[in-house]
Amino acid sequence: MGDQERGRRRPFTAGDSAHEPNAKLFRGQANSSASRTLDPRNAPSPKDDRPSTSRQTAACETNTPRGPATGGGNGSNRVQKRMDRFEIVHTRPVEVVSKVGKEGAPIQLLSNYFRLNTTPKWRIVHYHVDLSPEIELLRVRCGILSEHAAALGTGYLFDGKQLFTTKKFEQDVTILNGKSKQDIDYTITIKFVGFISTAEERFLQVLNLILRRSMKGLNLEQVGRNLFDPHAKVSMREFSLELWPGYETSIRQHERDIMLCSEIAHKVMRTETVYDILVRSSQNPARHQEEFRMNVLGLIVLTDYNNKTYRINDVDFTKSPLATFNCKGRDISFVEYYLTKYNIRIRDHRQPLLVSKNKDKAQNTNANELVILIPELCRVTGLTDNMRSNFQLKRAMADHTQLNPARRIDRLRTFNRRLQTTPESVRVLNDWNMKLDENLVEIQGRIISPQKILFLNNRISAGDQADWTRYFRDNQMFTTPRQGLDRWAVIAPQRNSRDLRTLLQNLNQVARGMGFQIRSPRETMIYDDRTGSYIQALDDCARIDPQLILCLVPNNNTERYSSIKKRGCVDKAIPTQVVTTKATQRGMSVATKIAIQINCKLGYTPWMIDLPLSGLMTIGFDIAKCTRDRSKAYGALVASMDQQQNSTYFSTVAECSAYDVMANNLWPMMLKALRQYHREHQKLPARIVFYRDGVSSGSLKHLVEYEVKDIVEKLEAEYQRAGSTTPPMLAYIVVSRAANTRLFTSSKQNPPPGTVVDDVITMPERYDFYLVSQAVRHGTVAPTSYNVVHSKIRLSPDQIQKLTYKMCHLYYNWSGTTRVPAVCQYAKKLATLVGTNIHAIPQNALEKKFYYL
């Protein structure tokens, strides 16, 4: 894909994502009756000669671990045993007295939250349960306890050992008697442990399990971690897809209330199976195994018989569904197992077996567990790269997934109304004395005033929509090379010579208006558009030591693009600009964007913002996985070099492990940026704002306890080594784009750019705020969550919020605001380029240039 194609679109996605929903922190009760007989971690497994360090699970019921059960007046209903660990991570710095800002125009907002109302004396009681004689099977323990459902209270949760209910027995130790179906007498000892405080993690776990139980009354199906409505699916037969609408929900303590966050989600279900991919791969007999592996490894698949999702980690071509495994003391083949268990007849007995390695730490399971799957029983989920680039498909999906505020509010209220009126859902909530408020929560936000955009000889307002594209033709860029672009080269196929002439004319015309002098380049015409021809021509052009090499290509070809970028960034240390011939037909608007990119790739700045702070360094960091080797990832760090003085940036990349949630090489990268700053200004920055992207909610505690602490200690040591008389003033801010929070105006519109919310729906244990930094034309805007986990910067909440909003105006691939600060967007762009195209560390000579745009 050409550079101008990659940069011309907004760097954020408006509306709902049509991809697979992000995994959430909560799980609900077990699935349908089919899933109760086959645990998600215990799909059938054959006998195998794999190393003993990996354990394959068996499908027989005697060896199947069971999930916890929930009980009610009519008996017990199973709940997933292994609840996700819901950690309340206290990250609010002790010196922060108030996190609420005061400046800005007030605005009344609605959000996708409902308050949870309970009775005044509502509480959850925790008991420990022992049975004598001891029973190993969880389902038997649950069955015996369910005989006393009336005594336990109208609603209870039981995981085999721990019992949660709203009823407090008179005695701390209660003895009950039970009898199994085999007529064996049992003694049930229930010991009072205590009341669960609302501040405890278990309290929120229980609330979310209760909510999942109530949502089951809506006839939703659990797929992965969320609930979807297959009965309301949208069929897209021309693309072999189905869209399942559903909900992502979570309950937790917010500033003053316990609230339910409910977000509209969509699951992309492909109608093809893995077996269909196998058939297509078999059309090339010489490489069918290699091609099949390449197409399926890493895919997320759904098995309809138990509504579970798995990631495919391996393919076993040495075995077929005729292979046997031990179940209840006898060997049984997969063919026979599925026929007797699910009445499913496997058609092809020669297909290979799929292997899924259970690495779900949230389920608290053995990470070496292997799950064996049958290709024809696995439906593929998600979108391929070709689907993502299909404009017709994206437009068709957007009609269903990109809900405007009015439609989203209506869907949320319908969801609430169904929970309040469906008998089964109402019974569950009543059993626990819980009630949801019928209205979306109301919030008062504030609007930060529009920012000033600085050109060379002019200052203009970004406007209410934070878009200053129309001002470029009349203003000169903030900084440009003094001699202009006077030593550069272009490479193009001979048959595209006319397109090249058009492009060069347009570039010269728009560049003159922006104060950027572009001289005639050295032209190298090639006979064809093969990758090798471009690389050979690029090597020839490199002999004149050009400032930049522009390659005109006839179409988007990933292999050719990657080869050009790798040769320029890794081998030659020369910035490259890839332009498609289609872009030359779009006139001056695309030529303007290309001219801006070229100026940036030379190390210069098209515009700046009005920044009152001097001596400030802003840093962005993000991680992208390597597409060639899934065990590798690349971390990218981008830092500003005092935007009041020289308005330049520094970037660096390092390889890291894809399985390490923390970046162990973060400090060496940050140290390089600090020393570059010192070389340019003869001193270290007075203030540093570190925007840390790429952190999952489950990694937050580890980041605060290890990464932040390590950075703070080493930063202080570096300032002492440099002889600085003042300690470093650092703010460490975790940036999250994955938050499910949505904001609407009271008139059911998107809030304007600059809208800040720092109360009501924020977390009491955090110094956090939500910021809407961009305008969207379609769908509902998604605010970005900022969590200040370390603050020694001596800036007020208003100042940090304003500074963050200012930083969203400096992404030079788009003449408008971005969803995250520009340094984060640059870091993501750089990490993705290296992990997807280059697969190697670029040369140090490019560190001061935006070669990755």
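Only a predicted model underlies this, so the values are computations on that prediction, with no experimental measurement involved.

1. Section: the overall build of the protein chain
Along the backbone of the protein chain there are 22 helices and 41 strands. The long-range share in the protein chain, meaning contacts at least 24 apart out of those at least 6 apart in sequence, stands at 74%. If you sum the accessible surface of the protein chain, you get close to 35600 Å²; carbon and sulfur atoms cover 46% of it.

2. Focus: the pairing of strand 17 (residues 308-311)
In strand 17, alternate side chains face the same way, and those of Lys308 and Tyr310 are buried while those of Thr309 and Arg311 on the opposite face are not. Examined bridge by bridge, strand 16 (residues 300-303) and strand 17 share four bridges and lie antiparallel to one another. Paired with Leu302 across the two strands is Thr309, which belongs to strand 17. Here strand 16 folds back onto strand 17 in antiparallel fashion, the turn holding four residues, of which Asn307 has a positive phi close to 55°.

3. Examining the packing of helix 6 (residues 274-281) against helix 7 (residues 288-296)
Where helix 6 contacts helix 7, the two axes come as close as 9 Å, and the packing angle between them is 145°. Seen from above, helix 6 lies across helix 7 with right-handed handedness. Contacts between helix 6 and helix 7 pair Val274, Ile277, Leu278 and Ser281 from the former with His288, Glu291, Phe292, Asn295 and Val296 from the latter. Of the residues contributing to the contact of helix 6 with helix 7, the split by class is five nonpolar, three polar and one charged.

4. Focus: unusual backbone geometry
The omega angle of the peptide bond from Ser132 to Pro133 is -5°, so this bond is cis rather than trans. On the secondary structure map, Pro133 appears in the loop between strand 6 (124-132) and helix 3 (138-146). Within the chain, Ser647 stands out as a residue other than glycine whose phi angle is a positive 50°. Following the sequence through the fold, Ser647 ends up in the loop between helix 18 (642-646) and strand 35 (649-657). The residue Lys748 is not glycine, and still its phi comes out positive at about 65°.

5. Some words on the packing of helix 19 (residues 666-681) against helix 20 (residues 700-721)
Packed helix pairs are specified by the crossing angle of their axes together with the interaxial distance, meaning the distance between the axes. Axis separation between helix 19 and helix 20 bottoms out at 11 Å; the angle between their running directions is 35°. Helix 20 is crossed by helix 19, and the crossing has right-handed handedness. Residue-level contacts link Leu666, Trp667, Met670, Leu671, Leu674 and Arg675 of helix 19 to Glu707, Asp710, Ile711, Lys714, Leu715, Glu718 and Arg721 of helix 20. Taken together, the residues of the contact of helix 19 with helix 20 sort by class into seven nonpolar, no polar and six charged.

6. Observations regarding the sheet that holds strand 32 (residues 608-609)
Backbone hydrogen bonds are what pair the strands of a sheet, in a parallel or an antiparallel way. Strands sit in the order 27-26-32 across an open sheet of three strands; the sheet is antiparallel. At either end of the open sheet lies a strand with only one pairing partner, and these are strand 27 (459-461) and strand 32. Pairing analysis gives three bridges linking strand 26 (residues 452-454) to strand 27, with the strands arranged antiparallel. Among the inter-strand pairings, Leu454 is bridged to a residue of strand 27, identified as Arg459.

7. What to know about the sheet that holds strand 28 (residues 488-493)
The sheet built from four strands is open, its strands ordered 29-28-30-31 with parallel pairing. In the strand order of this sheet, the two ends are held by strand 29 (522-526) and strand 31 (576-580), each with one partner. Within the sheet, the average angular offset between the axes of one strand and its neighbour, ignoring direction, is 20°. Across four bridges, the pairing between strand 28 and strand 30 (residues 548-553) is parallel. Within the sheet, the bridge partner assigned to Trp488 lies in strand 30 and is Leu548. Contacts from helix 14 (residues 531-541) reach strand 28, strand 29, strand 30 and strand 31 within the one sheet, and its direction differs from that of strand 29 by about 155°. The sheet contacts of helix 15 (residues 558-572) involve strand 30 and strand 31, and relative to strand 31 the element is tilted by about 160°.

8. Regarding the state of the cysteines
Inspection of every chain in the model, using the stated rule, returns zero disulfides. Cys541 takes part in no disulfide bond, and the closest cysteine sulfur, belonging to Cys551, lies 7.8 Å away.

9. As for the pattern of salt bridges
Under the criterion given, the structure shown has 41 salt bridges. In this structure, Arg692 engages Glu707 in a salt bridge whose closest nitrogen and oxygen atoms are separated by 2.7 Å. One end of the pair, Arg692, is in strand 36 (residues 687-692); the other, Glu707, is in helix 20, with 15 residues separating them in the sequence. Residue class for Glu707 comes out buried when judged on its relative accessible area of 6%. Linked through salt bridges whose partners overlap, the residues forming this network are Asp130, Glu134, Arg141 and Lys161.

10. Considerations on the packing of aromatic side chains
Tallied over the entire structure, the rule returns 29 aromatic pairs. On the basis of an interplanar angle of 90° and a centroid distance of 5.5 Å, the ring pair of Tyr337 and Tyr338 is categorised as edge-to-face. Seen from their ring centres, Tyr337 and Tyr342 are 6.5 Å apart, and the 70° between their planes marks the pair as edge-to-face. Judged by its relative accessible area of 3%, Tyr337 is buried.

11. Some points on the nonpolar core
Of all hydrophobic cores here, the largest spans 108 residues; its most connected members are Tyr691, Tyr812 and Tyr826. Sort the elements by how many residues they give to this core and helix 22 (residues 822-838) lands first, with 10 residues. In this structure, Tyr691 is in contact with Ile619, Gly620, Phe621, Ile733, Val735, Tyr786, Leu803, Thr804, Met807, Pro821, Val823 and Cys824, ignoring residues within four places of it in sequence. Within the second largest apolar cluster, 37 residues are counted, among which are Leu110, Phe415, Leu436 and Phe744.

12. Comments concerning helix 11 (residues 405-421)
The terminal C-alpha atoms of helix 11 lie 24 Å apart, and with 17 residues this matches the ideal 24 Å at 1.5 Å per residue to within 8%. Here helix 11 has its buried residues at Pro405, Arg408, Ile409, Leu412, Phe415, Asn416, Leu419 and Gln420. Considered in projection along helix 11, the buried side chains sweep an arc of 135° and stay on one side of the axis.

13. As for the pairing of strand 30
With respect to burial, strand 30 is a largely interior element, six of its six residues being buried. Here five bridges tie strand 30 to strand 31, and the two strands are oriented parallel to one another. Opposite Leu552, over in strand 31, you have Val579 as the bridge partner.

14. Description of the side chain of His681
Examined against the element boundaries, His681 turns out to sit in helix 19. For His681, the residues in contact, after removing those within four places along its chain, are Met641, Asp642, Gln645 and Asn646.

15. Quick word on helix 10 (residues 391-401)
Every buried residue of helix 10 is listed here: Leu393, Ala396, Met397, Ala398 and Thr401. Buried residues along helix 10 sit in contact with strand 13 (234-236), strand 14 (241-253), strand 15 (258-273), helix 9 (385-388) and helix 11. Measuring from the side-chain oxygen of the N-cap residue of helix 10 to the backbone nitrogen of Gln392 gives 3.0 Å; that N-cap residue is Asn390.

16. Observations regarding the environment of Glu718
As for its placement among the helices and strands, Glu718 is situated in helix 20. For the pair formed by Glu718 and Leu684, sequence separation is 34 residues and the distance between their alpha carbons is 9.5 Å. Discounting chain neighbours no more than four positions away, the residues touching Glu718 are Trp667, Leu671, Arg675 and Leu684. Side chain to side chain, Glu718 and Arg721 meet in a polar contact 2.9 Å long.

17. A word on the side chain of Lys806
Looking at the secondary structure, you find Lys806 in helix 21 (residues 797-807). Of the side chains with opposite charge, Asp610 comes closest to the buried, unpaired Lys806, at an N-O distance of 5.6 Å. Apart from residues no more than four positions distant in its own chain, Lys806 is found in contact with Gln451, Ile609, Asp610, Leu611 and Pro612.

Basis of the calculations
- Residues numbered from 1 in each chain as written.
- Predicted model: local features only at pLDDT ≥ 70, side-chain atom pairs only at ≥ 80, totals over all residues.
- Heavy atoms only, no water.
- Helix = DSSP H or I, 4+ residues; strand = E, 2+ residues; numbered from the N terminus.
- Contact = heavy atoms within 4.5 Å.
- Areas by Shrake-Rupley, 256 points an atom, 1.4 Å probe, with all protein chains shown as cover.
- Buried < 20%, exposed > 50% of the residue type's maximum accessible area, 1.4 Å probe, protein only.
- Pairing = 2+ DSSP bridges.
- Axes fitted to C-alpha atoms, helices over the stretch in contact; angles between N-to-C directions.
- Left-handed = near helix turned anticlockwise from the far one by under 90°.
- Nonpolar A, V, L, I, M, F, W, Y, C, P; charged D, E, K, R; others polar.
- Disulfide = S-S within 2.5 Å.
- Salt bridge = Lys/Arg side-chain N within 4 Å of Asp/Glu carboxyl O.
- Phe/Tyr/Trp six-rings, centres within 6.5 Å; stacked < 30°, edge-to-face > 60°.
- Core = buried A, V, L, I, M, F, W, Y, C linked by side-chain atoms within 4.5 Å.
- Expected span 1.5 Å × (residues − 1).
- Arc of directions from axis to C-beta.
- Polar contact = N/O pair within 3.5 Å; in protein donor to acceptor, adjacent residues only side chain to side chain.
- Lys, Arg positive; Asp, Glu negative; His and termini not counted.

Any functional reading would require information that these geometric values do not contain.
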